[in-house]
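Each chain is listed here by its residues.
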Amino acid sequence: MTTAVREGAPPSYVLNGALPGALAGIAGGLVFGAALASLDGLPAVAALVRSDLAWVGFALHLAIAILVGALFGLLVVHQRIRSSELLFWGLAYGMFWWFLGTLTLLPLLSGQPMTWSLKTAQAELPSLLGHLYYGAVTAVAFVLLRRDGHAAVRDHLRPSTLLRGLLAAAMVGGLLVLAFGVGAGARLGWLPVVAVCMGIGYPLVFTGQAEGTGPALIRGAAYGFVWWVVVSLTLPQLVDGDRLDWSQPTVAAATTRLPPYLLAGAGIAAVFGWLGGLARNLFVDDVRLLHHATGTRGLRVLAYGALSGLLGGIVFGFVWGTVDVLPTVARLVGARGAVAGWVVHLVIAQIIGVSYALLFRGRSYDLASGLGWGLSYGFFWWVFGALTLLPVLLGQPPRWNATAIATAFPGLIGHLAYGAGLGAAFAWLEHRENPWWVARSDTEAVRATARRDQILGSAPALWILTAQIALTVPVLVARP
Amino acid sequence: MRLQEYGPTASGGRAALLFGVGSGLASGLAFGALMSWQGLLESHGTRSWAAFALYGAITGSLLGAVVGRRPYGPAVSAAGGLLLGLLGWVVWWLTVDPLLHGDAPSWSIAAATAAQPQLVGSLLQGTLAGTLFHLLTVRLGVREPADAKRRTPSARVVIVGGGFGGVSAARRFERLNVRGHRFAVTLISDSNFLLFTPMLAEVASGGLEAQHISAPVRAAVPHTRFRHGRVTAIDVAGRTVRLGDEVVPYDHLVLAVGSVPHFLDLPGMAEHAFTLKSLADAARLRDRVLSLLERADQETDAAERARLLTFVVAGGGFAGTEAVAELYDLTHDVLHFYPGIDPDEPRFILIHSGKGILPELSQSLGGYALRKLEARGIAFRLGVRASAATEREVRLNDGTSIPTATFVWTAGNRPSPLLKDLPGERGRGGSVVVDATLRAFELDGVWAIGDCAQIPDADGNPYPPTAQHAMREGKAVADNIAAVVRKRRPKPFRFTTIGIFVALGHRTAAGEIRGRPFSGLTAWLMWRGIYLAKLPGIERRVRVLLDWGLDLVFPRDIVVTTAPADAPVPAQETR
């Protein structure tokens, strides 16, 4: 059935994958190499060939970048990833290579002990950011080298789409200003201004197909992370003419801006999607292009969401019960004690479960995709709920600094466990009720496959990018 | 129907599980050995590599269980592995491992810092396991033959009838297919919607829009092959049904064709009586009443006015009682539009052969309903039957006649004429006699449910033909067919009526739940609440709720949507 949609002559792995991937890897390698040069990181690469010369390190780095880029190209061709979905694959791929390359292969091949310790990870934090740039640049270069890449970029940069992004940014930026103020001294810094650029740039990473608010939130949060890296960790230093400083203390200090960037990205993506839906309904004459929802409908979806949320909430409750946060949760409604905390927590868990069901119905192809969406949504709620809403509702400032984020780490674990339970349970329940991929005819099979292709086109990249961001939180904020 | 994809609940089988365990074990061994070599698992003893391999095998088995039967691609499988690696780290290294060492898990950043090596190890191991799993599934998994086998249905089931019973059976088959069965189910119905019959009388009275109490069959059973058409013949020996010119084969046939009005061959009934079994019936009846009000408003002859304004319903069961009550409400709610009609002029008469109405309810509730309706001015002719009908009157078996222009027949139903030529044992009114497992006697592979079947309860008495029974019978028949296909014994159908309510119009109802009686406004609110909840789909519920809400604010509509039955009457001077 898969071939019904992904048909056509099979692309050449070398000509369409490895070769452009290698060329894109050069572009990514140059950017990463420049960063390494600024960070004095090239001698460490040269150590692989028992040298400490920067140019040797640069050459070796470029060779590795070409090899890793070629692998990326092969992966893209094999997976048949569309150009519009490549950026997040590139970011996830680059970040993964930090774990595999920098933390594992580099010490092994250079004869150093492989520690995988937090200390090592924090010492290699500049490399992590470099890998992110490498992945992003490689992906973008790969898109531009592809035959359909230019068309995809042009298609995403239509004036109406840019205007939509701008409107979304204006709305989200305005909301942020209303909530937190604006200016260098304010909690958000210049984020509301940056949000305008985020809005204009969002159409570039948007797949172009209506994807629903849930997936948009996840995509937007990842998009916000990219902007945080660029605006908070890179541009100011480049503008000031200083060398790059991606050391752990600098990054930890910049985490005061990380949650709002994630939220701004998520907000822009969600509003962008809503505006798109509104525009489609108002201005599109061809009704065939209108989006028809699949997945469980009616009251059942609410019940399934509440049930799944309850399940995830029970798992999460044990984590919060252990770290004694439940009494704080009880204070949300003016109550006291762990029992009241449990009740409030489970009610919130069910409400979020219902929201998950409404936002992500018909988005899980199997339990693994349910896990992916659930984990990502759990992470989003850690940022939005535990770091922002909970303290604000309790009359405290948002937990937007390294110390507070480190303190809230058990909450992150709890939210991830909650999301995993929620996503898996909902996927299971939904599949019992309405297996949307079960096709009765070839026509319907093609439609179901197209939908699955859309879901799985960039979603796995978003899941693993989100998971990796979550995993690196200790690296970002823990005291060395 | 050719099912072409399978979800995780129809498990990928042992092969996927084995591949998952194998991938997890291999990757666990590789990274366990690497970590042991680098001294990252020293705190876990000398055989820590084996422990890590075991951990890998466990997460690998989960991988085999959660990734669908058809892995999408290596990157997606690797992503699944990475996610499971993350979860494995949280569950095992942050939670179980401290517990095994006698410490309470803290999930703090300090604990995460201490378990950082295991985090990186789990992440990389999970990713490798996902990639290996994909390779194993693609290389060693016998995909195509397995899929080809799966596409072959285990049984072809044809359901005839898209009412409560048929749709319920189809839904159950869909659920069974998700659980690993391979039924090819075709539902054939001459209407493409499921009609919520308990609210039909309200449509006739203009209280509800016709479409709001019906739901498309295709939406109710999206994974069932639906054929809109009428089955004209059943060949039990050849195991086929005829649909137009087409012959549709089956292995199991579920008859859920419902019932049609039965006029007992009484003269003039079929030609002149209105029925209330379908949306078209309800719309026709409403239009008839409104048309007659229009005519009566202009009619100067007293006898003719009386005839036009006399509404007779035959049958004192649920349908007849609700019909006469709703017609009464409709007429009196719209009379203010007709200044030429005195409110005392319209007459409503219910004819019933028994001594009391509503035999389905207890005697006291039947008496309550009778008193309530009589108090409004509805007349009852009990102990008599309608014997004939003409265009101008209905005759009774006691020799009297009632001049009327509207005669509604609800006094008799019989199974669909499709069953007329069906061999096998026949029950009351020609219904198909089935055993307790819903299987028709003497008819191999034929099952019957709903109004067209005579289903014995535990005492041997037939179950009543209600929607709540039909829905349960639909589920039971699907389960029993599944049991027979798997060479197991089908289970007898057992169900006790939960409750039953009849609407008596104007905020009044009567009914009972598990034998406990309710009446008046309480029963009416329960009637509305229960039937609203039973409507198929939230969309219908909201629409009906809006209809009811608007009904409180605005008057009933008097637009006549169909062509008048008689030629328009010239306008005359109003009296």
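The structure displayed is predicted, hence computed values, not measured ones. (Residues numbered from 1 in each chain as written. Chains lettered and ligands numbered in written order. Predicted model: local features only at pLDDT ≥ 70, side-chain atom pairs only at ≥ 80, totals over all residues. Heavy atoms only, no water.)

Peer 1: Break down the pattern of salt bridges for me, with residues and values.
Peer 2: Residues and elements named next belong to chain B. In the structure shown here, the tally under the stated rule is 16 salt bridges over all chains. Of the charged contacts in the structure, one is a salt bridge between Glu202 and Arg528, with a shortest N-O distance of 3.2 Å. Here Glu202 is found in helix 8 (residues 200–204), whereas its partner Arg528 is found in helix 16 (residues 520–534), with 326 residues between them in sequence. You'll find Glu202 and Arg528 in the same group, each marked buried. Put simply, Asp287 and Arg286 hold a salt bridge, and the shortest N to O gap is 2.9 Å. By the burial criterion, Asp287 is buried, and Arg286 matches it. (Salt bridge = Lys/Arg side-chain N within 4 Å of Asp/Glu carboxyl O. Helix = DSSP H or I, 4+ residues; strand = E, 2+ residues; numbered from the N terminus. Buried < 20%, exposed > 50% of the residue type's maximum accessible area, 1.4 Å probe, protein only.)

Peer 1: Report on the environment of Leu132 of chain A, specifying residues and quantitative values.
Peer 2: Residues and elements named next belong to chain A. Here Leu132 lies in helix 7 (residues 125–145). Put simply, Leu132 and Phe58 are 74 residues apart on the chain and 18 Å apart in space, counted from C-alpha to C-alpha. If we skip the residues at most four places from it in the chain, Leu132 touches Leu91, Met95, Phe225 and Val229. (Contact = heavy atoms within 4.5 Å.)

Peer 1: Explain the nonpolar core to me, and be specific about the residues and the numbers.
Peer 2: In this structure, Trp116 and Trp382 of chain A together with Trp89 of chain B are the most contacted members of the largest nonpolar core, which totals 175 residues. Ranked by residues supplied to this core, first place goes to helix 18 (residues 367–393) of chain A with 14 residues. Setting aside its immediate chain neighbours within four residues, Trp116 of chain A contacts Leu103 and Thr104 of chain A together with Phe31, Leu34, Met35, Leu40, Gln116, Pro117, Val120, Gly121 and Leu124 of chain B. Leu200, Ala204, Leu208 and Ala482 of chain B belong to the second largest nonpolar core, which has 120 residues in total. (Core = buried A, V, L, I, M, F, W, Y, C linked by side-chain atoms within 4.5 Å.)

Peer 1: Just give me the short version of the interface of chain A and chain B, but keep the residues and values in it.
Peer 2: Opposite the 67 residues of chain A that make contact, chain B presents 60 residues. With both chains or domains summed, chain A and chain B bury close to 5,600 Å², and 70% of this area falls on carbon and sulfur atoms. Linking chain A with chain B are 0 salt bridges. Taken together, the links from chain A to chain B amount to 1 residue pair in polar contact (both at pLDDT 80 or more). For the side of chain A that touches chain B, the secondary-structure elements that each account for two or more residues are helix 4 (54–79), helix 5 (86–109), helix 6 (118–123), helix 15 (299–322), helix 18, helix 20 (409–433), helix 21 (442–471) and helix 22 (473–477) of chain A. At 12 residues, helix 21 of chain A tops the list of elements feeding residues into the side of chain A that touches chain B. Within the side of chain A that touches chain B, the residues separate by chemical class into 44 nonpolar, 13 polar and 10 charged. (Buried area = accessible area lost by both parts, 1.4 Å probe. Polar contact = N/O pair within 3.5 Å; in protein donor to acceptor, adjacent residues only side chain to side chain. Nonpolar A, V, L, I, M, F, W, Y, C, P; charged D, E, K, R; others polar.)

Peer 1: Describe in detail the packing of helix 4 of chain A against helix 5 of chain A, supporting the description with residues and values.
Peer 2: All names here are of chain A. Their axes nearest at 12 Å, the elements helix 4 and helix 5 cross at an angle of 135°. On the basis of their axis angle, the class for helix 4 and helix 5 is oblique. Taken as a pair, helix 4 and helix 5 cross one another with a handedness that is right-handed. Seen from helix 4, the contacting residues are Val68, Leu71, Phe72, Leu75 and Val76; seen from helix 5, they are Leu86, Trp89, Gly90, Tyr93 and Trp97. A breakdown of the residues in the contact of helix 4 with helix 5 according to their chemical character gives 9 nonpolar, 1 polar and no charged. (Axes fitted to C-alpha atoms, helices over the stretch in contact; angles between N-to-C directions. Parallel < 35°, antiparallel > 145°, perpendicular 65-115°, else oblique. Left-handed = near helix turned anticlockwise from the far one by under 90°.)

Peer 1: Which residues make up the sheet that holds strand 23 (residues 509–513) of chain B, and what are the values?
Peer 2: Residue and element names in this part refer to chain B. Strand order across the open sheet formed by 3 strands is 22-23-24, with antiparallel pairing between neighbours. At either margin of the open sheet sits one strand with a lone partner, and together these are strand 22 (499–503) and strand 24 (516–519). Ignoring which end each strand starts from, the neighbouring axes of this sheet average 10° apart. As paired strands, strand 23 and strand 24 are joined by 4 bridges and run antiparallel to one another. What sits directly across from Glu512, in strand 24, is Pro517. Strand contacts of helix 14 (residues 363–376): strand 23 and strand 24, with the helix running at about 165° to strand 23, the strand carrying the most contacts. (Pairing = 2+ DSSP bridges.)

Peer 1: Which residues make up the pairing of strand 17 (residues 406–409) of chain B, and what are the values?
Peer 2: Residue and element names in this part refer to chain B. Judged by which residues are buried, strand 17 turns out to be covered on both faces: Thr406 and Val408 on one side and Phe407 and Trp409 on the other are all buried. Sheet topology places strand 11 (residues 310–314) next to strand 17; 4 bridges connect them, and they run parallel. Following the sheet pairing, Ala314 is matched in strand 17 by Trp409.

Peer 1: Quick rundown of empty space enclosed by the protein? Include the residues and the values.
Peer 2: Residues and elements named next belong to chain A. Counted according to the given criterion, the structure contains 10 cavities of 30 Å³ or more. As a volume, the second largest cavity reaches approximately 110 Å³. In this structure, the second largest cavity is lined by 12 residues; those nearest its centre are Glu211, Pro215, Arg219, Gln454 and Ile455. Breaking the lining of the second largest cavity down by element, the ones donating at least two residues are helix 11 (213–233) and helix 21. Here the lining of the second largest cavity is built from residues that sort into 5 nonpolar, 3 polar and 4 charged. (1 Å grid on protein atoms, 1.4 Å probe; cavity = no way out; pocket = protein on both sides within 12 Å on 5 of 7 lines; lining within 4 Å. Points joined across faces, edges and corners; volume = space filled by probe spheres on them.)

Peer 1: Go over the confidence of the model for chain B, please, and point to the residues and values.
Peer 2: Residues and elements named next belong to chain B. For chain B, the mean per-residue pLDDT works out to 86, and 93% of the residues sit at or above 70. Model confidence for chain B, summarised as mean pLDDT per element, is weakest for helix 6 (residues 143–151) at 47 and strongest for strand 9 (residues 252–255) at 96. The model gives residues 144–150 a pLDDT under 50, and that stretch makes 5 contacts with residues more than four places away or in other chains. Of the regions scoring below 50 in pLDDT, residues 568–575 engages in 9 contacts with residues more than four places distant in sequence or in other chains. Two summary scores accompany this predicted model of the complex, namely pTM at 0.77 and ipTM at 0.88. (pLDDT = per-residue confidence, 0-100.)

Peer 1: Any details on a nonpolar patch on the surface? Residues and values, ideally.
Peer 2: Together, Leu299 of chain A together with Ile538, Val542, Leu546, Leu550, Leu552, Val553 and Phe554 of chain B give the surface a local cluster of nonpolar side chains, amounting to about 760 Å² of exposed area. Per element, the largest residue contribution to the nonpolar patch is 6 residues, and it comes from helix 17 (residues 538–553) of chain B. In this fold, Leu299 of chain A is placed in helix 15. Among the residues examined, Leu299 of chain A registers a relative accessible area of 41% and is labelled partly exposed. (Patch = residues over 30% accessible without salt bridge, like charges linked within 9 Å, V, L, I, M, F, W, Y side chains within 5 Å. Areas by Shrake-Rupley, 256 points an atom, 1.4 Å probe, with all protein chains shown as cover.)

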